[in-house]
Amino acid sequence: MKFRTEIEPAASRNLLRPETPVTLIGSCFADNIGSRLERDGFDAVHNPLGPLYNPMSVASCLNDALAGRRYTPSDFVIGPRGYHCLDYATRYSGADATAIAESLNDSLELLHSRLTSPGILTVTFGTAYAYYLDGDTLVGNCHKFPANRFDRRRLGIEDISAEWKKLLSRLPSELHVILTVSPVRHLADGLHGNRLSKAVLMLATEQICNATGADYFPAYEILEDDLRDYRFYDSDLKHPSDMAAEYIYDHFMDTYMTRSGRSAALEGRRISAAGSHRRILTD
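Keep in mind that what you see is a predicted model, and the values were worked out from it rather than measured. (Residues numbered from 1 in each chain as written. Predicted model: local features only at pLDDT ≥ 70, side-chain atom pairs only at ≥ 80, totals over all residues. Heavy atoms only, no water.)

Re helix α1 (residues 28–39)
Okay, step 1: A rise of 1.5 Å per residue sets the reference length of α1, with its 12 residues, at 16 Å; its end C-alpha atoms lie 17 Å apart and thus fit the reference within 8%.
Okay, step 2: Downstream of α1 by one or two residues, G41 has phi in the positive range, about 90°. (Helix = DSSP H or I, 4+ residues; strand = E, 2+ residues; numbered from the N terminus. Expected span 1.5 Å × (residues − 1).)

A look at the nonpolar core
Soluble globular proteins: nonpolar side chains tend toward being buried together.
Okay, step 1: Y88, L104, L115, L121 and W164 are the most contacted members of the largest nonpolar core, which totals 45 residues.
Okay, step 2: Elements that contribute at least two residues to this core include exactly α2 (55–67), α3 (97–115), β6 (119–125), β7 (129–133), α4 (157–168), β10 (175–181) and α5 (191–212).
Okay, step 3: The residues touching W164, leaving out its near neighbours within four places in the chain, are P55, V58, A59, L62, V123, F125 and I208.
Okay, step 4: Counting residues in hydrophobic clusters, the runner-up holds 27 residues, among them I33, F42, I222 and L227. (Core = buried A, V, L, I, M, F, W, Y, C linked by side-chain atoms within 4.5 Å. Buried < 20%, exposed > 50% of the residue type's maximum accessible area, 1.4 Å probe, protein only. Contact = heavy atoms within 4.5 Å.)

What to know about the pairing of strand β1 (residues 22–26)
Okay, step 1: In terms of residue burial, β1 counts as a mostly covered element, since five of its five residues are buried.
Okay, step 2: Burial of β1 is two-sided: the residues V22, L24 and G26 facing one way and the residues T23 and I25 facing the other way are all buried.
Okay, step 3: In the sheet, β1 pairs with strand β2 (residues 44–46) via three bridges, with the strands oriented parallel. Directly across from L24, in β2, lies its bridge partner H46.
Okay, step 4: Taken together, β1, α1 and β2 form a β-α-β motif whose crossover is right-handed.
Okay, step 5: Bridge count between β1 and β6: five bridges; the pairing is parallel. If you follow I25 over to β6, its bridge partner there is V123. (Pairing = 2+ DSSP bridges. Right-handed = clockwise from strand over helix to strand, strands pointing away.)

If you want it as structure tokens, here you go:
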């Protein structure tokens, strides 16, 4: 008798070796996987400019990195903390506009080097809803500006698909792309709104993968349909618990790691655990 519908990992793609660079970008779920890859000793960079949730803001970030964009103080908006770059996380705000620009440009340079070299790029879409400052400028983060300055819109499947097909065509063939939809529930959108948002993202990723050959990793389905229980959510009932994130990461390992990669991961985890162990001193 079976009490849950387990999702079997796909046949291994054998993409992730111990020396393979992995870049993860998108919603905070990218950090869940990225931090575990780091723990296990892999060359992983995750969300160097902070989390980005909607597909258009993620695409804008990657396009800027590929183009070698350089921010200047004139690109910022004046707000409650001084200068704000609304394209990225709230850490890119403050009184020193030059320092903010330098920090942004350093992160974009790092991302450029990762996008133009062989490796793996994993992109996690979090929500199909995007925010536009004063009605026309897409933002990646609202930086706690007054809500009445933003228009909230749900992106269209075709718009997402077209933008990402164009973007992925610019990446080198040696950079393998994995798309996934975040299992984190955006309850501020309401339960129905969250479902609609995730449906848009899933349909868009299907079109993108079919057109470009990118992989789809079913993180959303693993939590929603395989685990399917509130005990696998954190206390906020939105984010997966550590146990659930570890379970999804195990699926990721089974799907993409070579045998040598998995052995290296387990050894890296052992070393990491030993390094974090604190010996109790006694008299």
